[in-house]
Amino acid sequence: MISHGDIKFAQWNVEGLSTEMMKDFNFIKYVNKFNFIGLTETWTKSESSVNLPNYSCIHKPAIKNPRKKGRSSGGVILYYKHELKKYVTQMDSASHNFIWVKLNKCLFNLNDDIILGIVYIPPENSPYFDEGIFDKLQSDIEKYSPLGQMLCCGDFNAHTGTLLDYNNDDDVSNDSNVPLPNDYVYDDSLPKRYNMHKTVNQHGKKLTDICINSRLRILNGRFVGDSLGYYTYVRLGKSVVDYFLSNDTLFKNIKQFNVDMISPFKTGHCLTWCSIQSNHIDTKPPKCNYQIFKPVTFQWDNANKFNYIYALTDNSSQQLLLEIDNNPNLDANTLNEKITNIFI
């Protein structure tokens with residue numbers, strides 16, 4: 001049953017999803033609080049067992065570079081609660097590092113469906129980095145944006161510093177010659193984005209360009225739970241590389257965004273998550289296969305007052321009252337029975 005409350009989305013670069021982790025009670029407990037969770041850099045194979053209790057999943061295994069020894073690279077999985085299966089429709093993607101699904105608007109009681117994307121983009125110096133991957137990401141976003149509100153998350157290996165993710169010259173509110181829809185949201189009305197990591201790389205520039213072109217905005221550093229733009233990678237140095245992106249028009253439905261600062265597992269990445277309010281109840285009252293009988297009720301009639309007094313003074317009634325008075329240790333059932341006999 002889905003009831004009033006928050007639908008929680010999480011993304012996490014686990015740096016290897018092992019069989020031991022999948023059986024670890026602490027891992028299962030840690031992720032079980034989320035309705036949807038995207039895992040990146042799973043390093044899993046097509047034959048890997050990736051089943052997680054209470055969840056259905058979409059699995060894209062890691063790929064192997066035939067010219068490179070060692071493990072495979074990448075691998076993405078989207079888990080979602082079993083009871084949400086009817087709301088989820090998988091869609092095609094331009095890269096094996098992306099997963100796209102459409103979430104039915106009925107789950108959120110919104111006017112539009114939500115398009116959820118799980119993304120992994122390797123570092124610039126990785127032999128697995130595809131020079132065209134950001135173009136593929138832009139292409140998928142343009143393809144699916146008309147179908148609903150966008151929510152995209154993952155490890156982009158992007159250092160965005162304080163780069164703007166919107167067009168600073170977008171405020172044309174004073175120009176009466178420019179026609180705008182009534183519900184147009186000016187970019188400069190968005191909350192300021194904070195970021196503890198001030199470095200910028202090419203991935204960061206490309207990601208913010210996509211945000212500007214697609215009208216997507218970075219959630220990190222803009223919401224309660226991450227008001228300072230906390231680091232999302234904390235092992236070999238500190239950086240912000242894991243992001244959530246959404247349409248600015250979806251901001252009002254996002255209740256919070258969080259970076260879990262300490263990971264109880266081997267990965268150097270922090271799990272990040274956000275929540276969207278759901279006002280939908282997907283359940284029906286059980287059908288009753290039996291008749292419900294109303295208890296018999298009585299209404300006082302002043303015309304019967306003297307009949308009532310007479311009944312209490314009747315010899316049989318007096319005898320019953322005497323028995324009750326002489327037996328103070330009567331159990332409740334017997335006492336109830338004797339009193340009932342007086343009134344009927």
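Residues numbered from 1 in each chain as written. Predicted model: local features only at pLDDT ≥ 70, side-chain atom pairs only at ≥ 80, totals over all residues. Heavy atoms only, no water.

(A) Representation of the nonpolar core. Counting 34 residues, the largest nonpolar core has Phe9, Phe36, Leu78, Leu103, Phe108 and Leu116 as the members making the most contacts within it. Listing elements by their share of this core, those giving two or more residues are β1 (5-13), β4 (76-81), β6 (98-103), β7 (114-120), β8 (149-155), β11 (254-259) and β12 (272-278). Looking at this core element by element, the count peaks at 4 residues for β7. Met91, Phe134, Phe156 and Tyr243 belong to the second largest nonpolar core, which has 24 residues in total. (Core = buried A, V, L, I, M, F, W, Y, C linked by side-chain atoms within 4.5 Å. Buried < 20%, exposed > 50% of the residue type's maximum accessible area, 1.4 Å probe, protein only. Helix = DSSP H or I, 4+ residues; strand = E, 2+ residues; numbered from the N terminus.)

(B) How the structure looks around the pairing of β12. Among the 7 residues that make up β12, 6 are buried, leaving the element largely enclosed by the rest of the structure. Pairing of β1 with β12, which is carried by 7 bridges, proceeds in the antiparallel orientation. The residue bridging Asp6 from the neighbouring strand is Gln277, located in β12. Both β11 and β12 contribute to a ladder of 5 bridges, which runs antiparallel. (Pairing = 2+ DSSP bridges.)

(C) Just the sheet that holds β12, in detail. An order of β3-β4-β2-β1-β12-β11 is seen for the 6 strands of this open sheet, with the pairing classed as mixed. Looking along the sheet, the strands with just one partner apiece sit at the ends: β3 (55-60) and β11. Between one strand axis and the next, the sheet turns by 15° as a mean value, whatever way the strands run. Inspection of the sheet shows strand β2 (residues 36-40) paired to β4 by 5 bridges, in the antiparallel sense. Note that in β4 the partner of Gly38 across the bridge is Leu78. (Axes fitted to C-alpha atoms, helices over the stretch in contact; angles between N-to-C directions.)

(D) Representation of helix α3 (residues 133-144) within the structure. Here α3 spans 17 Å end to end across 12 residues, near enough to the 16 Å set by a 1.5 Å rise per residue. Turning to α3, the residues buried within the fold contact β5 (88-91), β6, β7, β8, α4 (202-214) and β9 (216-218). (Expected span 1.5 Å × (residues − 1). Contact = heavy atoms within 4.5 Å.)

(E) Seen up close, unusual backbone geometry. In this model, Trp43 sits at a positive phi of 60°, which is unusual for a non-glycine residue. Within the secondary structure layout, Trp43 lies in the loop between β2 and β3. One non-glycine residue, Asn54, lies in the positive phi region at around 75°. For Asn54, the location among the structural elements is in the loop between β2 and β3. Given a relative accessible area of 45%, Asn54 falls into the partly exposed group.

(F) Spotlight on the confidence of the model for the protein chain. With 75% of its residues at a pLDDT of 70 or more, the protein chain shows a mean pLDDT of 84. Counting contacts from residues 283-296, a segment whose pLDDT is below 50, to residues more than four positions away or on other chains yields 1 contact. (pLDDT = per-residue confidence, 0-100.)

(G) Region of the structure containing the packing of α3 against α4. One can describe the packing of α3 onto α4 by two numbers: an axis separation of 11 Å at closest approach and a directional angle of 20°. Regarding the angle of α3 to α4, the classification is roughly parallel. Considering only the axes of α3 and α4, their crossing is right-handed. The residues of α4 that touch α3, namely those facing Phe134, Leu137, Gln138 and Ile141, are His203, Lys206, Leu207, Ile210, Asn213 and Ser214. Among the residues forming the contact of α3 with α4, the class breakdown is 5 nonpolar, 4 polar and 1 charged. (Parallel < 35°, antiparallel > 145°, perpendicular 65-115°, else oblique. Left-handed = near helix turned anticlockwise from the far one by under 90°. Nonpolar A, V, L, I, M, F, W, Y, C, P; charged D, E, K, R; others polar.)

(H) Summary view of the sheet that holds β9. The 6 strands lie next to each other as β5-β6-β7-β8-β10-β9, forming an open sheet whose pairing is mixed. Looking at which strands have only one partner, the edges of the open sheet turn out to be β5 and β9. This sheet shows a mean twist of 20° between the axes of neighbouring strands, independent of strand direction. Bridging between β9 and strand β10 (residues 242-247) involves 3 bridges; their strand directions are antiparallel. When the bridges of β10 are listed, Arg217 appears paired with Ser246. Contacting β5, β6, β7, β8 and β9, α3 crosses the sheet at an angle of about 10° to β6. On top of the sheet, α4 reaches β9 and β10; it is set at about 135° to β9, its chief contact.

(I) Region of interest: the layout of surface pockets. Roughly 440 Å³ of internal volume is contained in the largest pocket. Every residue lining the largest pocket is counted, 22 residues in all, and those nearest its centre are Glu41, Arg71, Tyr120, Pro123 and Asn157. Of the residues contributing to the lining of the largest pocket, the split by class is 8 nonpolar, 8 polar and 6 charged. (1 Å grid on protein atoms, 1.4 Å probe; cavity = no way out; pocket = protein on both sides within 12 Å on 5 of 7 lines; lining within 4 Å. Points joined across faces, edges and corners; volume = space filled by probe spheres on them.)

(J) A look at the pattern of salt bridges. For the structure on display, the rule yields 4 salt bridges. Its salt-bridge partner being Arg235, residue Glu15 comes within 3.3 Å of it at the nearest N-O pair. Residue Glu15 is found in the loop between β1 and α1 (19-23), and its partner Arg235 is found in the loop between β9 and β10; the two are separated by 220 residues along the sequence. For Glu15, a relative accessible area of 13% corresponds to the buried category. One salt bridge in this structure joins Asp248 and Arg215, with 3.1 Å as the shortest N-O distance. A residue pair is termed long-range when its members are at least 10 positions apart, and Asp248 in the loop between β10 and β11 and Arg215 in the loop between α4 and β9 qualify at 33 residues. When its relative accessible area of 5% is taken as the criterion, Asp248 is described as buried. (Salt bridge = Lys/Arg side-chain N within 4 Å of Asp/Glu carboxyl O.)

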